[in-house]
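Survey of secondary and tertiary structure
Here's the letter readout for the chains.
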Amino acid sequence: MSRGSNSAPNYNDLLKKTEHYDKDERYMAISDLCEALKRNAAHANSENNNNTAAASSSTTQIDSQTERRICSAVLSLLDDSSNDVQTVAVKTLGVLLMTVQEEQVNEIADRICGLMLDPTKSALRDVYAIGLKTLVETVPDEMGNAVCHRLSSRLVDGIHTNSNTSPNSSPSSGDDKNSEEIVLACLNVLTDLLTRFGSTSNSIKMQHEPLLNVTLSQLASPRPIVRKRAGTTIGVLATVISDTLLHRLVERLLDQIDQASGLGKSGKKRAKIAHKTDQSKSLASSDLRSADTRSLIRTMCTVSGTVGHRLNQGHIDRIVPIFLRFCDPADADDEDYDSDEPMDSDDVMAGMGEEAATAMQIELRESCFAGFESFVLRCPALIRPHLDQIVYSALAYMRFDPNYTYDDDDDDNDAEDDEEEEEEMEEEEEDEYSTEDDMSDEDDDNNWKVRRSAIRTLTAVVEATKHDPSKLWIDEFAWRQNSEKKTTVAGALVNRFKEREENCRVDIIECFTRLLSYTVSASSAGVLVLASCTSMDDDALAASGAVVVDLRSNVSSAIVKATEKQLSAKKGGERSKSSAIALLSTLCLAPGGIGSSEQITSVFRHVKTILNADDDANTRRHSAVNSKSLKLEALCLVRIMLSCKKHDASDIKNSLLPILLSDICKCVQEDWYKVISEALRVLVEIPGLLVLGSATKAEKDEVATSLYDAIEPRLSEHDLDQEIKECALSASATLLSILHESLTPDQKNRILTLLLERLKNDTTRIAAIKTLSSVGRAAKSSEDLELTSVMNEALEQLALLLRQQSRSLKQSALECIDTLVLCLPASDVDMDEGLFDSVLKDLGEIISDKDLHICHLSLSASNSVLKARPSTGTLVKSHVLPASLDLSKSALLQDPALSSLLNLLEQMIASGAIGFDELHKFLEGQMAGDGSKGSKQVISNLAQCIATIAVASPLANQEAFIRSTISAIKPSNTDVAVTQLNLLVSGNFGRKVDLSKMKGVAESMQKIYFESFDSSNEDIKHAAALALGRASVGAIDPFLPALLSALEGSSGKKQYLLFSSLREFIHCYRETEGSDLSSSVPMLLPPLEMNCGNDEEGVRAMVAECLGALACLEPKAILPVLKKLATDDSDKKVHIHWTVGNAVKFAIGGQINPTELAPYMPTFIELLKEDDLAVKNVALLMVYSAVHHAPQLVVGIMREQVLPQLYELAQLNMERKIDLGPFKHTVDDALPLRKAALSVFSTCLDKCPSSLDIPAFMPVLAKALADVEDIQLQSHQIVHTMCARHPIPLAAAADSFVKALEKTVNKKKGQKTGTELERVYEWIKSGLRVMLAMSKLDGIAGAKDFVEFVDRIKKSRPHAPFLQAVEDE
């Protein structure tokens, strides 16, 4: 009996039971073992994905000895007498391979391969083959090369030993049958082996040529199944072999195919001519002489399908004429293609019976067209010279049906205008489908396979020419041999819609649908012009060089007529009707759509027939299975026709209302929820159609009544599918929004009442809220749609929803309130004024910094209420303003919430809800309402608020305000916070208003700012610097030159502040829409370049930030300057290079265009080679930023320029001792470099692991594990990451880690206590985590020192509590 999922498995008991005499016991034992191994594998994967995953009580670690016993038991059960036991054993093998070590995997591979190749094990060979395939599919990637090394040569030997390519061998021979099974099994396994490891395993790469020779030899096998399987293997092999071997393969295949005769009279003539002109060509390999032509062609098609892009023009030029011998277009029209004329001695059909010869012809032609399909898709450029021949051949064989006559040559154009003749044609069409039913039992008519392959070739041509499909509409081909009638590819496809075979007919319609879709896309791209308007001047278009595809005259009508025949055929297949509907849906996207009113009316009538199929007793039995899905597709077609805007709205309206409207409304009462939902979606489009179609008042009234009668029951019902409810709400939204004038007051009130009910329902609240928002937007622009009757209750319900815990519900409710209140008139006596009091009160209560997004929406809704009803200013002031003021002094306020707050305050000033002076006073009062001076973030937010309301105040007050603010700024003022605030207010105000237009203001502000730089308070200096930079954005001319002029004679702290201003100016300018600083760059660069070598590190840091920000704005101007500075060799080159490295780092973090920066990166990377440690550190941080933000910048130069320096710096040690008198202190100047280097490597493991040389890093990592504590902890994290991603090199280097890890886990606590002692314990546990993680690596058993170290630690009593704590994590 299977164990419970929570109990740990006893592997010993299970292994004993696998040897039980009772097959049921063995079955249960192997099943339990399989489940136990699955849990163990799942746990291992979980630990690999999450390093902190806790160990499960149901999973135990399997030791190596138990693994070997399990492997032996599973392998022995592959020979079990019970098939059920064998099946589970194969499953268990797949799970086992993911957990055992490489050595055991190799043993399993040897054992199963030997059993599979054993001639005496024929009864179980299938089981062994499945087991070996399972091994190949599931073996870990890192073990793939070893498995390939053991299997590839043995499989090749197995094929050689058991091959029999003699055509006279007896198929019934027991030995031959046994050998055939071995060859097939070997080919199967080789195919899987090549698929997974063919391009990555060195063992397989060394066997490419032997594999090619042995598989080619099997194409001469007398067994068809062996030839087919060999062809499949060759197709996979072709994807991994070199170009030389591929060329040899193609030549050998073509040489043999070239010796065969063609099919049909024309094909044989082609072959004879080719043989006469090339009599000297000999076979490339004698082992292919007896190969079957079918297998050769099929193999060639397989090769072209997999590596067609690697074939050259010579290959294609040779292949196509050979293939055309077997599918010559002339033979498709030759009714005597299968006559009894004598066959040539070299005919591929020689010696065959008539049925076998016919089957051979069909398969050969099918294979050739499959080859054409792959050539067209895989190498479209090479096949282009032969494309016309291929298309001509495909068109000919698309109608290749020698057992049936379609009367293609009859000219029935005149009959199209005659109604009686049209009905007769429809009857003939039905007879065609009945003929199909009559012939369904004829097993010998497989010519439809040839037609299908030809159609697929045409589909490939359509796919290959999708960017410019004009030739498929314009170029003409002869319809039949020696016939004057010509047709285009598009025309031929439409003409063949009458194909009698369902599969082929569907493929034809889908091919044309794809052609039409690509044509519409090409028209949108301007590649061609679709002529659809009768007034278009085609001559003018042609004269301009545009390619014109005319759908106006006969094409659209022919398409519609052909699809209508499919829709009207009573015995036609559902797939054909579905494809026809899809084609009409695509035609709607083309200019002109389906066509004129006649075509639209005709299509609607056929849709009506489909929608009424259940009511027709004659058609019910034919459409019982798929009628619902077909009805759904028909409704989708109607919806697309209504919404595509390609038809004349009046034509659609005039056809839809009398023909389909009642049936669509009836579909709303269907049983299947998908049909109901789609019918409602159609009803959504109808109101808009009436407006576009200039419907009369009577029509609108009639339609509105019909829609109301259809929608209202679904809207009022409760026990419905959620999709139906939502679609009903959408339909009611458009009905009420557009046709509200045609609805009676009772009907409008009924819909609004139902909307309110849905608003109160838990499942439909959000959909109802969206519907109300839509109706609200309509009511805002229409005076006839009044929501006052429900506005009170709606707003009340929405306000109640604001008190719910659901965040998404709050969000939707806030957005709906924002919309609804804007549709209200400025004054409405019917509105409950007390409701606004309630709503604004609820809005004010959720304004908090706990959820800034909800806060943002609430502020926005309050702003909308104030806009719609300025009279609510008092309520906003009493309910919303206090919470807003509290929010303004939150240090968390930022982004959208801050913007919404600024908009609300601006609107309050504009609407007169509060005076500027009063609000200004309130905001200033937030500075220290609790007695504190406020944080820098609070001061900054308040400064923005004050500046915003000042900008919103009348122009006459603005100048007075800014002058008052300036006068209040006194650097010597003891109230530092107030001075900071006024400085920032002036800067923010100047950012939005051009202060140069106010006489003397700019000069006064400059004076104040420069004076503030001399203040004794650092916060005032910093605020003045920010204000100067921001004020420069609004008025560049007076401020920027003064700032740059001040920089020239400045030094020390003042210079730092000026550069801070310049940095703020650049950053703020970047945030301005449409910013263009190119004209100012020549003015900005000189002081920046001059100070790159400044002795003050703070100044250089500001210069670096400025250059980095400028590089993001103007990379073409700044990057060459940085490159020049990076190679500077002056006395101050150390400082300059430090600044350049920081500037590049800031530019990368500022999201500079990587394409612009990439050419300069090799120069900047050279900074890693500088002697100065500070420059090296900055360069490392620059590389770290590049790897983190834009790894493509360094991937190409990682191995050559970055990694060597990275390895060197990660091991750099520069300790020195400092004599402090009583004791000496050791300082390691290279410690920051080692940390930065390891950080770069750790990030590379995530961002660009392929660029790393892992084995070369192992000695560096081993040394880092023995470094100081910080470096050790960093290295431990790297090891954990590598355990999952690079286990093999980590296991190989495990012994070199032992000394460092042992020192870490044996760390002495000494006299440490408290937090220092806890830090030691965490250090020890970190080392133990690394030890345990590495102990689970595959192949770790080979690291003897590490295994002994693990064993010692696990047996150590002092380490037991630490190990337990780690395992419990």
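Small disclaimer: the values here were computed from a predicted structure and weren't measured.

A tally of regular secondary structure across the protein gives 67 helices and six strands. Residues classed as buried in the protein amount to 53% of the 1369 residues present. Pairs at least 24 residues apart make up 74% of the contacts formed inside the protein by residues separated by at least 6 positions. In the form shown here, the protein has an accessible surface area of approximately 60200 Å², with 47% of it arising from carbon and sulfur atoms.

Note that Arg 223 resides in the loop between helix H10 (208-217) and helix H11 (224-238). Separated by 43 residues in the primary sequence, Arg 223 and Glu 180 have C-alpha atoms spaced 8.0 Å apart. At 2.9 Å, the side chain of Arg 223 and the side chain of Glu 180 are in polar contact.

Here we take up the packing of helix H48 (residues 1001-1012) against helix H49 (residues 1018-1034). The geometry of H48 relative to H49 is characterised by a closest axis approach of 8 Å and an angle of 150° between their N-to-C directions. One way to sum up the angle between H48 and H49 is to call them roughly antiparallel. Crossing of H48 against H49: the hand is left-handed. Each of Met 1005, Tyr 1009, Phe 1010 and Ser 1012 in H48 lies in contact with H49, whose residues at this interface are Ile 1020, Lys 1021, Ala 1024, Ala 1027, Leu 1028 and Ala 1031. Classifying every residue of the contact of H48 with H49 gives eight nonpolar, one polar and one charged.

Let us now look at the pattern of salt bridges. As enumerated under the stated definition, the model contains 46 salt bridges in all. For the salt bridge of Lys 133 with Asp 192, the shortest nitrogen-to-oxygen distance reads 2.4 Å. Here Asp 192 lies in helix H8 (residues 174-197) and Lys 133 lies in helix H6 (residues 125-138), a separation of 59 residues in the sequence. By relative accessible area, which is 23% here, Lys 133 ends up partly exposed. For Asp 192, a relative accessible area of 16% translates into the label buried. Notably, a salt bridge pairs Asp 1129 with Lys 1133, separated by 3.4 Å at the nearest N-O pair.

Atomic detail in the predicted coordinates should be set aside for any region of low pLDDT. Residues at a pLDDT of 70 or more form 84% of the protein, whose mean pLDDT is 79. Within the model, pLDDT remains below 50 along residues 51-59, and this stretch shows 23 contacts once partners closer than five positions in the same chain are excluded. Within the model, pLDDT remains below 50 along residues 335-351, and this stretch shows 31 contacts once partners closer than five positions in the same chain are excluded.

With that settled, the discussion passes to the side chain of Ser 470. Along the chain, Ser 470 turns up in helix H22 (residues 470-474). On the basis of relative accessibility, which here comes to 5%, the residue Ser 470 falls in the buried class. Not counting the four nearest positions on each side in its chain, Ser 470 is found in contact with Leu 528 and Val 547.

For the structure on display, the rule yields 16 aromatic pairs. An aromatic cluster of three or more residues is present, and its members are Phe 323, Phe 369, Phe 372, Phe 375, Tyr 397 and Phe 400. The residue whose ring lies beneath Lys 1145 is Phe 1146, and the NZ or CZ to ring-centre distance is 4.9 Å.

Time to look at the packing of helix H44 (residues 916-925) against helix H45 (residues 936-952). For any two helices packed against each other, the geometry comes down to the angle between their axes and how far apart the axes lie. At their nearest, the axes of H44 and H45 sit 10 Å apart, and the two run at 175° to each other. The angle between H44 and H45 places the two elements in the roughly antiparallel class. Judged by residue contacts, Phe 916, Leu 919, His 920, Leu 923 and Glu 924 of H44 engage Leu 942, Cys 945, Ile 946, Ile 949 and Ala 950 from H45. Its residues placed into classes, the contact of H44 with H45 shows eight nonpolar, one polar and one charged.

Once that is clear, we can look at helix H64 (residues 1294-1305). The end-to-end C-alpha separation of H64 is 16 Å, in line with the 16 Å expected for twelve residues at 1.5 Å each. Within H64 the residues assigned to the buried category are Ala 1294, Phe 1297, Val 1298, Ala 1300, Leu 1301, Thr 1304 and Val 1305.

On the surface, a cluster of positive charge is contributed by Lys 1299, Lys 1303, Lys 1307 and Lys 1312. Relative to the assigned elements, Lys 1312 resides in the loop between H64 and helix H65 (1314-1335).

This part covers the pairing of strand E6 (residues 1224-1228). Sheet topology note: the strand E5 (residues 1215-1219)/E6 ladder contains five bridges and is antiparallel. When the sheet's bridge partners are listed, Glu 1215 is paired in E6 with Asp 1228. The hairpin formed by E5 and E6 contains four residues between the paired strands, and Gly 1221 there has a positive phi angle of roughly 90°.

Within the chain, Asp 895 stands out as a residue other than glycine whose phi angle is a positive 55°. Looking at the secondary structure, you find Asp 895 in helix H43 (residues 895-911). Look at Gln 1151: it is not a glycine, yet its phi comes out positive at around 65°. If you trace the backbone, Gln 1151 turns up in the loop between helix H55 (1133-1149) and helix H56 (1154-1157).

Turning our attention to the environment of Lys 228. You can see Lys 228 is positioned in helix H11. On the basis of relative accessibility, which here comes to 47%, the residue Lys 228 falls in the partly exposed class. The sequence separation of Lys 228 and Arg 298 amounts to 70 residues, and the corresponding C-alpha distance is 8.0 Å.

This paragraph deals with helix H60 (residues 1231-1247). Spanning 17 residues, H60 covers 24 Å between terminal C-alpha atoms, matching the ideal 24 Å at 1.5 Å per step. Burial in H60 covers these residues: Leu 1233, Arg 1234, Ala 1236, Ala 1237, Leu 1238, Val 1240, Phe 1241, Thr 1243, Cys 1244 and Leu 1245. Turning to H60, the residues buried within the fold contact helix H58 (1173-1189), helix H59 (1198-1210), E6, helix H61 (1254-1264) and helix H62 (1269-1285).

This part covers the environment of Gly 592. In this fold, Gly 592 is placed in the loop between helix H27 (574-587) and helix H28 (597-611). Here Gly 592 falls in the partly exposed class, since its relative accessible area comes to 26%. Considering only alpha carbons, one finds Gly 592 and Lys 645, 53 residues apart in sequence, at a separation of 9.2 Å.

Residues Glu 741, Glu 783, Asp 784 and Glu 786 make up a contiguous surface patch of negative charge. Relative to the helices and strands, Glu 741 resides in the loop between helix H35 (722-738) and helix H36 (745-760). The exposure class assigned to Glu 741 is exposed, which follows from its relative accessible area of 54%.

A few words now on the side chain of Lys 653. Position of Lys 653 relative to the elements: it lies in helix H31 (residues 649-659). With a relative accessible area of 6%, Lys 653 lands in the buried category. Polar side-chain contacts of Lys 653 include one of 3.4 Å to the side chain of Asn 654.

Criteria and thresholds
- Residues numbered from 1 in each chain as written.
- Predicted model: local features only at pLDDT ≥ 70, side-chain atom pairs only at ≥ 80, totals over all residues.
- Heavy atoms only, no water.
- Helix = DSSP H or I, 4+ residues; strand = E, 2+ residues; numbered from the N terminus.
- Buried < 20%, exposed > 50% of the residue type's maximum accessible area, 1.4 Å probe, protein only.
- Contact = heavy atoms within 4.5 Å.
- Areas by Shrake-Rupley, 256 points an atom, 1.4 Å probe, with all protein chains shown as cover.
- Polar contact = N/O pair within 3.5 Å; in protein donor to acceptor, adjacent residues only side chain to side chain.
- Axes fitted to C-alpha atoms, helices over the stretch in contact; angles between N-to-C directions.
- Parallel < 35°, antiparallel > 145°, perpendicular 65-115°, else oblique.
- Left-handed = near helix turned anticlockwise from the far one by under 90°.
- Nonpolar A, V, L, I, M, F, W, Y, C, P; charged D, E, K, R; others polar.
- Salt bridge = Lys/Arg side-chain N within 4 Å of Asp/Glu carboxyl O.
- pLDDT = per-residue confidence, 0-100.
- Phe/Tyr/Trp six-rings, centres within 6.5 Å; stacked < 30°, edge-to-face > 60°.
- Lys NZ or Arg CZ within 6 Å of the ring centre and 35° of its normal.
- Expected span 1.5 Å × (residues − 1).
- Patch = residues over 30% accessible without salt bridge, like charges linked within 9 Å, V, L, I, M, F, W, Y side chains within 5 Å.
- Lys, Arg positive; Asp, Glu negative; His and termini not counted.
- Charge placed at Lys NZ, Arg CZ, Asp CG, Glu CD.
- Pairing = 2+ DSSP bridges.

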